[in-house]
Amino acid sequence: MEYPGGGVSMTQFIFTFLNGITLAGLYFLVASGLTLIFGLMRVINLAHGAFYLLAGYVSWTIADKTDNWFYGALAGSLTLGVFGTLVYVLLLRKFQYEELRVALITLGVSLVLAQAMLAIFGGEYYQTNIPKNLSKSVPIPGFELSYPFFRIFVLILAILVAVGLWIFISKTRYGAIIRAGVDDTSMVSALGINVQAVFIWIFFLGSVLVGFAGAVGATTNSFGMGTDGDYLLFSLQVVIIGGLGSIGGVAIGSFLVGVIGQFATGYFPTYAGIITFTMLILVLAFRPQGILGRKQ
Amino acid sequence: MSRIRIVYTVVIAFALAFPYITPDPDFWVSSGGARALWLGVTALSMSFLNRNLGLMSLGQLFFSGVTGYIVAISSVYHNVKFGTSVPLGILAGTLSGVIIGYIALKTKGVYFFMLTLAVTLGLYSFANQAQEITHGHTGINSIPSPIILGMDFAYTKPLYYLFLAIAVFLFAACKFLESTSFGIALKGVRDNEDRMISMGYRTMPLKMIAFVFSSFIASISGVMGVFYVTNISPDSVGLLRSIDLLVIVVVGGATYLGGAFVGAVLIAVFEAIIQDFTQYYVAATGILFIVVLMLAPQGLMGITAQLRARRTIKANS
């Protein structure tokens, strides 16, 4: 990633930090759907990267046709919500309690999706235009520098989604039903609640989240063939470091992977991969379940 | 002779005769035979772990990749002879298994699977970024073929027989390890680790030895890959390649050692044939994978056992 400005080392430091923390916002949006579905249903969706890329293509196409970024984001989120739910109902639901089998099936889905997208959109790279009313720069207080507003907007979105998810799951009646349905499916069914429907809604919500993340990420970064693998890796790093199944863990994991990853890329481009990787190994050496993960 | 011995004899006799009985040998000995043996050995390292420890690892391509890159870089850019670079590469790949194993073996099930996937994807992104070392996306091309005792392995038949010898040797080594007391202890760990611990076994060293042995097999397959493909690039360790490997293991039968080779032959033949009909053979492989997972999770090797179990259930009900 390039940094706007550059030059003096202090400038580079500030831009690297801002890039890192706004990228962390994007990572949070991407990984939150993965961790939500896993945390509540024990289903791990390894087609997550392919979902992200599909949302990118859909939102780019719609935003390009309608000339409206928000329609694109809406279309990306809803398409993925529907698509993810279909994958769950048709392919995964029957084996929901066989974790590894489900993970393998989703990998198969990602293989099919990757090729289908390559066939439709080709090998070129795309990037959605930033909505006009958000494409300005904001000054950084204390320095004579400015930073693209849209990236800050992504960070704000991530914080809003984080708070929203937390309130939804731990403070509302629906959240209570979801948590109860996961802990004791038969008891909750006996209370007259349709647990199957609850699971479908969770999968829908998790897929909408990755769809939205795809629309946002398609605007901040270019995307194309291979982006699915990259974002699957980022999501895995984030949830492995932070702890799978915990929203707070995703926040911490995103922050570490985003900020440290940006500093590594900015200062030691050749060894950036190794630095992030070493961080992952170090965290796991002391906490195999991740920073906020529950013991397996 | 027991039935299993007859099967082995027939399979090996067929494999030995294959270059002389196949139609269109120029194509099939390389794209069918040698390719299946190379993929089969990589898959064998995965099946060995899954069968004996119940762990599905996607980290095997990491070890193959480390070895492959070391052999490729040292022979193309530093004129190191294969006699030095191949043992060094295999050693490095195997030793990296010690580090990865130490971390990954603390986890189980789907966590282990995710972690090893992340390890392989990590190598992919490193290989893409570290231009100075790996030449990034273009990778390292025109790796020379080995010449052993005056025999040039650029030709398909010698390469095929070399691969066959490696495959038979490693398969036999796996079978031998499984028959030792070490192999039996491993199965104990797989089935009930807590009970093994209370019986006084230190399970971590057992698991480490199995993991490092499997990374040793994967490292050897990394050398085979370099000799077969004659180039190495980030895509050699990418997501698609990892899934391809998984398809082989699952379609063949993930709890059978022979499943690795059954799956590899099937996928090599399937892809070689379907390429003529559709350019979307990766998607076709993906669909085959999903269908097998949904209908026959034990793979082809397990189909008879699955049918027998179903018949027993029907007979009892």
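Residues numbered from 1 in each chain as written. Chains lettered and ligands numbered in written order. Predicted model: local features only at pLDDT ≥ 70, side-chain atom pairs only at ≥ 80, totals over all residues.

Peer 1: Would you mind going over the overall build of chain B with me for this structure?
Peer 2: Assigned secondary structure in chain B consists of 14 helices and 2 strands. For chain B, whose C-alpha radius of gyration is 20 Å, the value lies close to the compact-globule estimate of 20 Å for 317 residues. Dimensions of chain B, computed from C-alpha atoms along their principal axes, come out at roughly 65 × 45 × 40 Å. When burial is assessed residue by residue, chain B has 49% of its 317 residues classed as buried. For chain B, contacts bridging at least 24 residues in sequence account for 75% of all contacts bridging at least 6. (Helix = DSSP H or I, 4+ residues; strand = E, 2+ residues; numbered from the N terminus. Rg over C-alpha atoms; globule rule 2.2 N^0.38 Å. Buried ≥ 20, exposed ≤ 12 C-beta atoms within 10 Å, placed from the backbone. Contact = placed C-beta atoms within 7 Å.)

Peer 1: Would you explain the overall build of chain A in this entry?
Peer 2: Looking only at helices and strands, chain A has 11 helices and 2 strands in total. Mapped in sequence order, the helices and strands of chain A form the string α-α-α-α-β-β-α-α-α-α-α-α-α. Taking 2.2 N^0.38 as the reference for a compact globule, 296 residues should give roughly 19 Å; the C-alpha atoms of chain A span a radius of gyration of 19 Å, in line with that estimate. In terms of its C-alpha atoms, chain A occupies a principal-axis envelope of roughly 65 × 50 × 35 Å. Relative to all contacts within chain A whose residues are 6 or more apart in sequence, the contacts with residues 24 or more apart total 72%.

Peer 1: Got a minute to help me understand the pairing of strand E2 (residues 145-148) of chain A in this structure?
Peer 2: Every regular strand shows the same layout, with side chains that alternate between the two sheet faces. All names here are of chain A. Where strand E1 (residues 137-140) lies against E2, 4 bridges are found, and the strand directions are antiparallel. The residue bridging Ser137 from the neighbouring strand is Pro148, located in E2. Here E1 folds back onto E2, and the loop between the two strands holds 4 residues, one of which, Gly142, carries a positive phi near 90°. (Pairing = 2+ DSSP bridges.)

Peer 1: It is not clear to me how the interface of chain A and chain B should be interpreted in this structure. Could you clarify?
Peer 2: Contact residues are listed per partner, giving 35 residues for chain A and 38 residues for chain B. Elements supplying a minimum of two residues to the side of chain A that touches chain B: helix H4 (99-121), helix H9 (227-242) and helix H11 (272-286) of chain A. For the side of chain A that touches chain B, the leading source of residues is H4 of chain A, giving 15 residues. A class-by-class count of the residues in the side of chain A that touches chain B yields 26 nonpolar, 7 polar and 2 charged. (Nonpolar A, V, L, I, M, F, W, Y, C, P; charged D, E, K, R; others polar.)

Peer 1: Before we go on, may I ask you to explain helix H5 (residues 109-129) of chain B in this structure?
Peer 2: Side chains of residues three or four places apart in an α-helix project in the same direction, reflecting 3.6 residues per turn. Between its first and last C-alpha, H5 of chain B extends 31 Å over 21 residues, near the 30 Å set by a 1.5 Å rise per residue. In terms of burial, H5 of chain B is largely enclosed, as 19 of its 21 residues are buried. (Expected span 1.5 Å × (residues − 1).)

Peer 1: Can you walk me through the confidence of the model for chain B in this structure?
Peer 2: The predicted coordinates of low-pLDDT regions are not to be read in fine detail. Residue and element names in this part refer to chain B. Looking at chain B, the pLDDT average stands at 86 and 99% of residues meet or exceed 70. Highest mean pLDDT in chain B belongs to helix H10 (residues 203-229) (93); lowest belongs to strand E2 (residues 151-152) (72). Across the predicted assembly, pTM comes out at 0.86 and ipTM at 0.82. (pLDDT = per-residue confidence, 0-100.)

Peer 1: Even after reading the chapter, I still don't get the packing of helix H3 (residues 69-92) of chain A against H4 of chain A, so can you show me in this structure?
Peer 2: Relative orientation and spacing of two packed helices are given, respectively, by the angle between their axes and the distance between those axes. All names here are of chain A. Orientation of H3 relative to H4, taken along the N-to-C sense of each, is 125°, at an axis distance of 11 Å. Classified by the angle between their axes, H3 and H4 sit oblique to one another. By crossing handedness, the relation of H3 to H4 is classed as right-handed. Along the contact surface, H3 presents Val87, Leu91 and Leu92, while H4 presents Val102, Ile105 and Val109. (Axes fitted to C-alpha atoms, helices over the stretch in contact; angles between N-to-C directions. Parallel < 35°, antiparallel > 145°, perpendicular 65-115°, else oblique. Left-handed = near helix turned anticlockwise from the far one by under 90°.)

Peer 1: Sorry if this is basic, but what is going on with the environment of Phe223 of chain A here?
Peer 2: All names here are of chain A. Examined against the element boundaries, Phe223 turns out to sit in the loop between helix H8 (195-220) and H9. The class for Phe223 is buried, based on 25 C-beta atoms found within 10 Å. The residues contacting Phe223, other than those within four sequence positions of it, are Leu53, Gly56, Tyr125, Tyr126, Gly217 and Ala218.

Peer 1: When you look at the packing of H11 of chain A against H5 of chain B in this model, what are you seeing that I'm missing?
Peer 2: Put simply, H11 of chain A and H5 of chain B touch, their axes get as near as 8 Å, and they point 160° apart. In terms of orientation, H11 of chain A and H5 of chain B fall into the roughly antiparallel class. Between H11 of chain A, through Ala272, Gly273, Ile274, Phe277 and Leu280 of chain A, and H5 of chain B, the contact on the second element is made entirely by Ala118, Gly122, Ser125, Phe126 and Gln129 of chain B. Its residues assigned to classes, the contact of H11 of chain A with H5 of chain B shows 6 nonpolar, 4 polar and no charged.

Peer 1: Would you explain the environment of Gly136 of chain B in this entry?
Peer 2: All names here are of chain B. Within the secondary structure, Gly136 is located in the loop between helix H6 (131-134) and strand E1 (147-148). Between the alpha carbons of Gly136 and Phe126 there is a distance of 8.5 Å; along the sequence they are 10 residues apart. If near-sequence neighbours (up to four positions away) are discounted, Gly136 is found in contact with Asn128 and Gln131.

Peer 1: Got a minute to help me understand unusual backbone geometry in this structure?
Peer 2: With glycine set apart, most residues show a phi of negative sign, and most peptide bonds adopt trans. Residues and elements named next belong to chain B. We note that Asn79 has phi near 55°; this positive angle belongs to a residue other than glycine. Looking at the element boundaries, Asn79 is found in the loop between helix H3 (60-77) and helix H4 (82-104). Unusually for a residue other than glycine, His135 sits at a positive phi of about 60°. The residue His135 is located in the loop between H6 and E1 in this model.

Peer 1: I would appreciate a short explanation of the environment of Gly293 of chain A in the present structure.
Peer 2: All names here are of chain A. Turning to its location among the elements, Gly293 is positioned in the segment after H11. Given 22 C-beta atoms within 10 Å, Gly293 falls into the buried group. Along the primary structure Gly293 and Gly243 are separated by 50 residues, whereas in three dimensions their C-alpha atoms are 3.8 Å apart. With sequence-adjacent residues up to four places away left out, Gly293 is seen in contact with Gly243, Leu244, Gly245, Ser246 and Gly249.

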